[in-house]
Amino acid sequence: AQSVTQPDIHITVSEGASLELRCNYSYGATPYLFWYVQSPGQGLQLLLKYFSGDTLVQGIKGFEAEFKRSQSSFNLRKPSVHWSDAAEYFCAVGAWGGADGLTFGKGTHLIIQP
Amino acid sequence: DVKVTQSSRYLVKRTGEKVFLECVQDMDHENMFWYRQDPGLGLRLIYFSYDVKMKEKGDIPEGYSVSREKKERFSLILESASTNQTSMYLCASSSKRGPTDTQYFGPGTRLTVL
């Protein structure tokens, strides 16, 4: 079965600084990888996804993520964060052969300092 | 825009009550999902459905059942609510089977069982 680890429960970043959120997955075959964001009081919104091809994926709101098979990682990055980026971020993996639902990491809570 | 709506944002019930959580999507999606979100645990799949009257267990189905009588509507049922079912419940939908399709989430129902 697949699994996802987000090592950082909380991250604090100053507004305007760069951001990297870590995600490691465990899955035997090619994974289908997603990053979702949950703003306070909201449902989850898809930021970006990776299935195949170019390992650097561009998403909405200026986010990007890089798939590194050798490290089993799919880290999310943003060059300059805004106060509105404060939210909970979830990495998820999907795989054929099981339930169609995604397996989510436990989330990283991003705090933006002024 | 895909819209996934959930019948209540907040719900308070008593132990032993039968609880219905309703979810409706307006995009003719095949798949619908129920997740549970708890702090420090992320999202966990309870049940999903890939067609009317079809259902599949997710990772944590115990204590829950589901109903899908119409394509656009997916209900989560707690037959006899217990305090350990106090949680945020998120409904999602996607257009077709498989792990590659984007899931669209509702805003969530925060259920408190007293």
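Residues numbered from 1 in each chain as written. Chains lettered and ligands numbered in written order. Predicted model: local features only at pLDDT ≥ 70, side-chain atom pairs only at ≥ 80, totals over all residues. Heavy atoms only, no water.

**A few points about the interface of chain A and chain B**
Counted only if it meets this: Contact between two residues is taken to exist if any of their heavy atoms lie within 4.5 Å; hydrogens are not considered. Accessible area, probed at 1.4 Å, shrinks when two parts are joined; the buried area is that loss added up over both. For salt bridges, the criterion is a side-chain nitrogen of Lys or Arg within 4 Å of an Asp or Glu carboxyl oxygen. Contacts described as polar in this section are N or O atom pairs within 3.5 Å, which, within protein, must combine one atom able to donate a hydrogen with one able to accept it, while residues neighboring in sequence count only if both atoms come from side chains. Each helix is a run of H or I in the DSSP string that is no shorter than four residues. Each strand is a run of E no shorter than two, and both are numbered from the N terminus. Gly is put with the polar residues, along with every residue not named as nonpolar or charged; the nonpolar set is Ala, Val, Leu, Ile, Met, Phe, Trp, Tyr, Cys and Pro, and the charged set is Asp, Glu, Lys and Arg.
With 22 residues of chain A at the interface, the matching set in chain B holds 23 residues. Interface area, chain A with chain B, both sides summed: about 1,800 Å², of which 58% is carbon and sulfur. In this assembly, chain A and chain B are joined by zero salt bridges. Counting every contact that joins chain A to chain B gives five residue pairs in polar contact (both at pLDDT 80 or more). Breaking the side of chain A that touches chain B down by element, the ones donating at least two residues are strand E5 (32-38), strand E6 (44-50) and strand E10 (87-94) of chain A. The leading source of residues in the side of chain A that touches chain B is E5 of chain A, at four residues. Taken together, the residues that form the side of chain A that touches chain B break down as twelve nonpolar, seven polar and three charged.

**Thoughts on the sheet that holds strand E1 (residues 4-6) of chain B**
Hydrogen bonds along the backbone pair up the strands of a sheet, which may run parallel or antiparallel. All names here are of chain B. Selection criterion: In this description, strands pair whenever DSSP reports at least two bridges between them. Throughout, an axis means a line fitted to C-alpha atoms (over the contacting stretch in the case of helices), and angles, computed between N-to-C directions, take values from 0 to 180 degrees.
The four strands are arranged E1-E3-E8-E7 in an open sheet whose pairing can be described as antiparallel. Two strands in the sheet have a free side with no partner beyond their single neighbour: E1 and strand E7 (65-70). Strand after strand, the sheet turns through a mean of 20° between neighbouring axes, direction not considered. Two elements, strand E3 (residues 19-25) and strand E8 (residues 73-78), share six bridges in a ladder whose sense is antiparallel. Residue Val 24 lies in a different strand from E8, and its bridge partner there is Arg 73.

**Focus: the state of the cysteines**
Covalent bonding between the sulfur atoms of two cysteines is what defines a disulfide. Our working definition: Defined by distance alone, a disulfide is two cysteine sulfur atoms within 2.5 Å. For every residue, the accessible area obtained with a 1.4 Å probe (protein chains only) is divided by the maximum for its type, and the residue is called buried under 20%, exposed over 50%, and partly exposed between those limits.
Going through the model one piece at a time under the given rule, you end up with two disulfides over all chains. The disulfide that involves Cys 23 of chain A links it to Cys 91 of chain A, with 2.0 Å between the sulfurs. Across the disulfide from Cys 23 of chain A to Cys 91 of chain A, rotation about the S-S bond amounts to roughly -65°, and the bridge is consequently left-handed. You can see Cys 23 of chain A sitting in the loop between strand E3 (19-21) and strand E4 (24-26) and its partner Cys 91 of chain A sitting in strand E10, a full 68 residues away along the chain. We note that Cys 23 of chain A, like Cys 91 of chain A, is buried. Across the disulfide from Cys 23 of chain B sits Cys 91 of chain B; the S-S distance is 1.9 Å. When the S-S torsion is -75°, as for the bridge of Cys 23 of chain B with Cys 91 of chain B, the disulfide is left-handed. With Cys 23 of chain B in strand E3 and Cys 91 of chain B in strand E9 (residues 87-94), the pair connects residues that are 68 residues apart, well separated along the chain. You'll find Cys 23 of chain B and Cys 91 of chain B in the same group, each marked buried.

**Description of the environment of Asp 1 of chain B**
Residues and elements named next belong to chain B. Along the chain, Asp 1 falls in the segment before E1. On the basis of relative accessibility, which here comes to 93%, the residue Asp 1 falls in the exposed class. Taking the C-alpha atoms as reference points, Asp 1 and Met 27, separated by 26 residues in sequence, lie 8.5 Å from one another. With near-sequence residues (within four places) excluded, Asp 1 lies in contact with Asp 26 and Met 27.

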